[in-house]
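# Inside the fold
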Amino acid sequence: MQFPESWLREFCDPQLTTAELADTLTMAGLEVEELQPVAPPFTQVVVGRILSAEQHPNADRLRVCQVDAGQGAALSIVCGAPNARAGILVPCALVGAKLPPGEDGKPFVIKLGKLRGVESQGMLCSGRELGLSDDHGGLLELAEDAPVGADVRAVLNLDDTLFTLKLTPNLAHGLSVYGVAREVAALTGAPLKTPAIAVVPATLTDVLPVKVEASDLCGRFSGRIVRGVNTRATTPAWMVQRLARCGQRSVSPLVDISNYVMFEYGRPSHIFDLDKIEGGLSVRWGRAGEQLKLLNGSTITVDEKVGVIADARQVESLAGIMGGDATAVSDDTANVYVEAAFWWPEAVQGRSRRFNFSTDAGHRFERGVDPSLTAEHIERITALILEICGTPQSACGPIDDQTLALPEAVPVQLRVARAVRVIGMPLSEDECAGALRRLGLTVAQEAGVLTVVPPQYRFDLRIEEDLIEEVARVIGYGRLPATPPKGPISARVRPEARRSRHAVRHALAALGYQETINFSFVEERWEAELAGNADPIRLLNPIASQMSVMRSSLFGSLLQVLRFNLDRRATRARVFEVGRVFMRDAASPASDTAVAGIRQPMRVAGLAYGDPDGLQWGRKEQRSDFYDAKGDVEALLAPRIPVFEAAEHPALHPGRCARVLLDGEAIGFVGELHPRWRQSWDLPQAPVLFELSLDAVTRRDVPQARGVGRQQPVERDIAVIVQEGVTHAAVQDAIASADTSGLLRNALLFDVFRPQPARGGQPAVTGGLSEGEKSLAVRLTLSGDDATLTEAQIETAVQGIVSALGDKLGARLRG
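### Let's talk about the overall build of the chain
The helix and strand inventory of the chain stands at 21 helices and 41 strands. Computed over its C-alpha atoms, the radius of gyration of the chain comes to 39 Å, more than 25% above the 28 Å expected for a compact globule of 815 residues. Dimensions of the chain, computed from the C-alpha atoms along their principal axes, are close to 120 × 85 × 65 Å. A burial count over the chain gives 47% of its 815 residues as buried.

The structure is reproduced here in structure tokens:
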């Protein structure tokens, strides 16, 4: 919420500087997010009246103006503004004035000079030249009552400061200037000035028929007819200025009045064109299929969960959020109906988000607006309408005030002893009671227990902890003592067999990946396509329609990051995420950190796209493929050795996907993105991805001390012929199962040969292999612990391996 300091001090003016006032509000929970001056610094700019404006003798677009700037004699100033004319009041920068800095960052100093041969004794200014607006189309015209020669900063109150508050949802009573002033009065003890709202006597008997059909939607509805208004009137400059400093542009007098009272007292209201209302009004829940064109130009379809105001013909307003276009006031409006109501917060919450927009009215009503002052605020709006838009024919009817159901004031008790324990400082019963009374609360004291009946504008006071917070706010968080913990603190020692999540992140960063952090709620389509999840966990109140389910895989989030980078002309991406996924599991129990029936494991996933090494001179450009991702997974899990077996995954290419196993346990998948999803995501090439259980990745073997072998190892190369369908894993398993008396230390595949058919006149190269066969060359490393191996031992071990390959895979030695 934004407002000018001067408006706040009209209600409560404590003896504090601007900075001290901001600090007081922040330390009371009303965080001042920003302090910004209304205007940049400038000097010697006064109010000047143009006495005459004659054409420049040497320039078609310039005028020579005679200006009364209160200096005794008229000043001759050359000006090129199209609206420079005799009689208007404008800002006049005198010789020696310093205007706001330009692009060079230096103040612009006004000097005596000549323009096209005519002397200019100053400068007439636009709003842009003074840093007040972006309007550079003409001079800034001032009000007729501005005193000639007066400092423009004083006339326009430019030494004011804009406060921007960042309020939490429980501080709805602070969403108005008067509400903030009420807090300031409680915090500082300065008197609160509450202007009396005069009753505007009814001069008509006209009452618009209104029927409130849903008391669970609207608890109180007040309205009044005002006839004979002039909507072509001009909104007063003081109101336009205050609205602008609250971040609200001026629209029209009636709309400006409604907005002004909302910022002043926190009461959203709506003004209908009375002549456009068909019959009476009905306040009810919407009906399926009903449509409404809103003031913002969009057309929405409502249903039974959305509150509306309708007439005999159609829906005219979205209750508590925005009015409709059909009954909007215009320049031709002569008669209006002013409405102010209490809408139950539960009936407004989430409705704006559902239609993908938000309004100041909805923001206030969904947090709670005082239901006790609807009639008084209509009186305030009526008085402003008659003051600004009134005509001799203006007349107003009585206020039609219907009260159906208001929030019940439930007493809340505060145990002083518990407040002392929670706040952490000694407080007496009288101190607690005094703090609450300063907030305007009614307090009853009895034997260490305070009973408070919350006022109707405090929707946040429901339990004892709320009152404890109020006591702490008023006393001041700055007064809380800094008490060090007295209990012993012992660090949690991580088992040596586990590494930290931070270490996993470091390992991936060392492999060239960059970490991303994404939302846990994703598109439902991602779950169906990338995770094969037909029944994802749905959000009851999603923040956006495309983020409606909880993710059960990290793949979608990484692909979205890739798409984002490709849209910005990136040619290479290597990203990872460590995050939680959510999936249904009936066996999952409830706990302090878990929900029954929902499993929430941590995963680590990565994506590689483009050249794995980036642009470099050492080798030709190539794309990341399955083996790049497989190597990264092996490096991440090292020194533990994973096993990869062919598998299928909904997100991955059916022929380029592997399941990752560690000690026989499946811990994740690695593979290339499925061609179907590459096409639907509009990717020029397929990325490779992996997703692993974080729990498995953080486990590691505790190093065991082993003596360095004293015997020199022996290497033997064998080449075996096997069928094309035999995998490398099968060969390794067969070698490992061979009886070598414990001499085998390692087996490494170093060559693969397949028969080459005849091409281009060249004869075929078979190497003694038949069609459908391949030759695998494997280097065997043998070593003994106690003595150097003899040739007989070596030969026996090699023959054992060859026999095992022959028995299990039908392999034979290549001649």
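### Some details on the packing of helix α2 (residues 18–27) against helix α4 (residues 177–188)
Packing of α2 against α4 brings their axes to within 10 Å, and their N-to-C directions diverge by 90°. The pairing of α2 with α4 is recorded here as roughly perpendicular in orientation. Two secondary-structure elements touch here, α2 through Leu21, Thr24 and Leu25 and α4 through Val180, Val184, Leu187 and Thr188. Residue classes in the contact of α2 with α4 are distributed as five nonpolar, two polar and no charged.

### So, helix α12 (residues 429–438)
Spacing of three or four residues puts side chains on the same side of an α-helix, whose turn is 3.6 residues. Of all the residues in α12, the buried ones are Cys432, Ala433, Ala435 and Leu436. Buried positions in α12, seen along its axis, are confined to an arc of 160° and lie on one side of it. In the core, the buried residues of α12 are packed alongside β24 (412–415), α11 (416–423), β25 (442–446), β26 (449–453) and α13 (464–475). Looking one or two residues past α12, glycine 440 carries a phi angle of roughly 85°, positive in sign.

### Comments concerning the environment of leucine 274
Counting through the fold element by element, leucine 274 comes out in the loop between β14 (270–273) and β15 (281–285). The spacing of leucine 274 and glutamine 314 is 40 residues in sequence and 15 Å in space, taken between C-alpha atoms.

### Some thoughts on the packing of aromatic side chains
Counted under the stated rule, the structure contains 13 aromatic pairs. With centroids separated by 6.4 Å and ring planes inclined at 50°, the aromatic side chains of phenylalanine 272 and tyrosine 337 adopt a geometry described as tilted. On the criterion of sequence distance, the pair formed by phenylalanine 272 in strand β14 and tyrosine 337 in strand β21 (residues 336–343) is long-range, its members being 65 residues apart. For the pair formed by phenylalanine 272 and tyrosine 337, the shared burial category is buried. Each ring, one from phenylalanine 342 and one from phenylalanine 459, has its centre 6.2 Å from the other, and the planes form 20°; the classification is stacked.

### Observations regarding the sheet that holds β26
One open sheet accounts for three strands, arranged β24-β26-β25; its pairing is antiparallel. The strands lining the two open edges of the sheet, one partner per strand, are β24 and β25. Across this sheet, the average inter-strand angle for adjacent strands is 25°, counted without regard to direction. Bridge analysis of β25 against β26 gives five bridges, and the strand direction is antiparallel. Among the inter-strand pairings, valine 443 is bridged to a residue of β26, identified as valine 452. Together, β24, β25 and β26 form the strand contacts of α12, whose direction differs from that of β25 by roughly 165°.

### Remarks on the pairing of strand β6 (residues 89–99)
Of all eleven residues in β6, eight are buried; the element is thus mostly enclosed. Examined bridge by bridge, strand β3 (residues 43–55) and β6 share six bridges and lie antiparallel to one another. Bridge pairing in β6 links arginine 49 to leucine 89.

### A look at the nonpolar core
Within the largest apolar cluster, 48 residues are counted, with the highest numbers of intra-cluster contacts made by Phe3, Leu8, Leu25, Ile271, Val336, Val338 and Ile385. Counting only elements with at least two residues in this core, the list comes to α1 (5–11), α2, β11 (161–166), α4, α5 (237–245), α6 (253–265), β21 and α10 (374–389). The greatest single-element share of this core, amounting to seven residues, is contributed by α6. In this view, phenylalanine 3 contacts Leu8, Thr161, Leu162, Phe163, Leu165, Val177, Val180, Arg245 and Cys246; residues no more than four positions away in its chain are not counted. Among the nonpolar cores identified, the runner-up in size contains 36 residues, and Leu208, Val283, Leu292 and Leu318 belong to it.

### Description of the environment of alanine 651
With respect to the helices and strands, alanine 651 occurs in the loop between β34 (643–646) and β35 (652–662). Residue contacts for alanine 651: discarding those within four places in its chain leaves Glu529, Leu530, Phe555, Glu672, Leu673, His674 and Trp677.

### Section: the packing of α5 against α6
Contact geometry of α5 with α6 gives a least axis separation of 10 Å together with a crossing angle of 55°. Between α5 and α6, the crossing angle belongs to the class labelled oblique. Crossing angle aside, the handedness with which α5 passes α6 is left-handed. Contact residues: Trp238, Met239, Arg242 and Leu243 in α5; Asp256, Ile257, Asn259, Tyr260 and Phe263 in α6. Residue composition of the contact of α5 with α6, by class: six nonpolar, one polar and two charged.

### Quick notes on the sheet that holds β15
Spatially, β12-β15-β18-β19-β20 is the arrangement adopted by the five strands of the open sheet, whose pairing is mixed. Two strands close off the open sheet at either side, each with one partner strand: β12 (210–212) and β20 (322–323). As paired elements, strand β19 (residues 315–318) and β20 share two bridges and run antiparallel to each other. If you follow serine 317 over to β20, its bridge partner there is glycine 323.

### So, the pattern of salt bridges
One pass over the full model with this rule turns up 48 salt bridges. With a shortest N-O distance of 3.0 Å, arginine 551 and glutamate 577 are connected by a salt bridge. Separated by 26 residues along the polypeptide, arginine 551 in the loop between β29 (549–550) and α16 (555–566) and glutamate 577 in strand β30 (residues 573–580) bring together distant segments of the chain. Taken individually, arginine 551 and glutamate 577 each receive the classification buried, so the pair is uniform in this respect. For glutamate 672, the salt bridge is made with arginine 656, and the minimal N-O distance between the two is 3.1 Å. Here arginine 656 lies in strand β35 and glutamate 672 lies in strand β36 (residues 665–673), a separation of 16 residues in the sequence. Note on glutamate 672: relative accessible area 13%, which makes it buried.

Reading the values: rules and limits
- Residues numbered from 1 in each chain as written.
- Predicted model: local features only at pLDDT ≥ 70, side-chain atom pairs only at ≥ 80, totals over all residues.
- Heavy atoms only, no water.
- Helix = DSSP H or I, 4+ residues; strand = E, 2+ residues; numbered from the N terminus.
- Rg over C-alpha atoms; globule rule 2.2 N^0.38 Å.
- Buried < 20%, exposed > 50% of the residue type's maximum accessible area, 1.4 Å probe, protein only.
- Axes fitted to C-alpha atoms, helices over the stretch in contact; angles between N-to-C directions.
- Parallel < 35°, antiparallel > 145°, perpendicular 65-115°, else oblique.
- Contact = heavy atoms within 4.5 Å.
- Nonpolar A, V, L, I, M, F, W, Y, C, P; charged D, E, K, R; others polar.
- Arc of directions from axis to C-beta.
- Phe/Tyr/Trp six-rings, centres within 6.5 Å; stacked < 30°, edge-to-face > 60°.
- Pairing = 2+ DSSP bridges.
- Core = buried A, V, L, I, M, F, W, Y, C linked by side-chain atoms within 4.5 Å.
- Left-handed = near helix turned anticlockwise from the far one by under 90°.
- Salt bridge = Lys/Arg side-chain N within 4 Å of Asp/Glu carboxyl O.

This is a description of form; function is not addressed.
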